[in-house]
Amino acid sequence: MTVIWTLLRLLRWTTDYFDGKGISNPRLDAELLLAHVLELDRVGLYLNYERPLNEAELDAIRPLVKRRGQREPLQYLLGQTEFWSLPFEVTPAVLIPRADTEILVEEALNRVDAEVGELLDVGTGSGAIAISLATELADWQVSALDLSVEALEVARRNAERNGVAGQVRFLQADLAQLPQQQYDLIVSNPPYVAQAEWDELMPEVRCFEPRQALLAEDNGLDCYRKLTSQAQNRLKPRGWLLVEIGYRQAEAVQQLFTAAGLQDVFVRDDYAGLPRVVGGCHR
Ligand SMILES: C[S@@+](CC[C@H](N)C(=O)[O-])C[C@H]1O[C@@H](n2cnc3c(N)ncnc32)[C@H](O)[C@@H]1O
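This structure is a prediction, so every number in the text was calculated from the model and none was measured.

Caption draft 1: Region of the structure containing the overall build of the protein. For the protein, the helix and strand inventory stands at 12 helices and nine strands. By its C-alpha atoms, the protein is 75 × 40 × 30 Å across when sized along the principal axes. A fraction of 67% describes how many contacts in the protein between residues 6 or more apart in sequence connect residues 24 or more apart. When the accessible surface of the protein is split by element, carbon and sulfur atoms take 48% of a total near 13700 Å². Considering the protein, the positive charge centre built from 28 side chains and the negative charge centre built from 42 side chains are found 3 Å apart.

Caption draft 2: View of the site of the ligand. Inspection of the region around the ligand gives 19 residues, with Gly-123, Asp-146, Leu-175, Asn-189 and Ala-213 positioned closest. Measuring from an oxygen atom of the ligand, one finds a side-chain N or O atom of Asn-189 at 2.8 Å. Surface burial for the ligand is 94%, taken as the share of its 590 Å² of free accessible area covered by protein chains. Contributing elements (two or more residues each) for the shell around the ligand: β4 (141–146) and α10 (211–214). The residue makeup of the shell around the ligand, split by class, is 10 nonpolar, seven polar and two charged.

Caption draft 3: Fine view of the side chain of Thr-228. As for its placement among the helices and strands, Thr-228 is situated in helix α11 (residues 222–234). Side-chain polar atoms of Thr-228 contact the backbone oxygen of Tyr-224, separated by 2.7 Å. In this structure Thr-228 touches Leu-241, Leu-256, Phe-257 and Ala-260, once residues within four positions along its chain are discounted.

Caption draft 4: View of the domain arrangement of the protein. With domains assigned, the protein is organised as domain 1 (7–70) and domain 2 (84–281). Between the C-alpha centres of domain 1 and domain 2 there is a distance of 34 Å.

What counts, and where the lines are drawn
- Residues numbered from 1 in each chain as written.
- Predicted model: local features only at pLDDT ≥ 70, side-chain atom pairs only at ≥ 80, totals over all residues.
- Heavy atoms only, no water.
- Helix = DSSP H or I, 4+ residues; strand = E, 2+ residues; numbered from the N terminus.
- Contact = heavy atoms within 4.5 Å.
- Areas by Shrake-Rupley, 256 points an atom, 1.4 Å probe, with all protein chains shown as cover.
- Lys, Arg positive; Asp, Glu negative; His and termini not counted.
- Charge placed at Lys NZ, Arg CZ, Asp CG, Glu CD.
- Near = heavy atom within 4 Å.
- Polar contact = N/O pair within 3.5 Å; in protein donor to acceptor, adjacent residues only side chain to side chain.
- Nonpolar A, V, L, I, M, F, W, Y, C, P; charged D, E, K, R; others polar.
- Domains from an automatic or database assignment.

This is the structure in structure tokens:
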């Protein structure tokens, strides 16, 4: 007997398949993947439950379902994600921006009271932080730095897509040597996973996201050490350095900020109550 694959039947099959592969939101991922291939939104999906899928549609869906089953992140399969309510292209060259990183954007905006200024995003990846801040701070000059040429290409396209290409300058450099300039604000979500924590990461992260975006030497603290050691020379008076941290790193990073002479050092928790951002000011 020939099976007729209606949309609902395929959705249920895919959900069960993803569930069996240990994926955390199997139904949601199945819906988003099918909606993407069929060019429907999620409401459109519900309205088409009984529609039989043709061979071409099934051929387009099968390889993506298989790849997700192998734990490839959904965002890489869709080629995009959302951050700060803006659309961002993502490829395996960039870390997928996380919702928690919006806390860093919020804290940056909380500390800005001037109409104009200069800010630097260190380790920009997809450009998520720099571009979000550029959309909020229309008269600020934004620089976005990364070591990865491939990541900077994605970030450039994201700046265009979000209408801020003229406002953001992209720099290929090592964060150990920040540009010889002084900024009102330096923000960074640098690599901060310690080698010892590598095996704790989910397969989606460990096997698919760029290692260079995640791992840091010195028990995960290497980039914070390099950033804080340059902060006094790269910040204008009353300028802020704000960094995202791993939830176990608040104390160590605060100590680095204080040892570097930064003032008003603070920690901000994320919405799960875990320390997420450390900041300090150059006085
Ligand atoms: C955790 S990702 C953050 C990406 C993006 N800012 C975000 O929050 O989604 C860290 C980024 O730092 C970059 N990076 C790693 N080591 C670097 C270095 N030594 N100098 C400059 N950038 C570096 C990586 O290429 C990656 O894009």
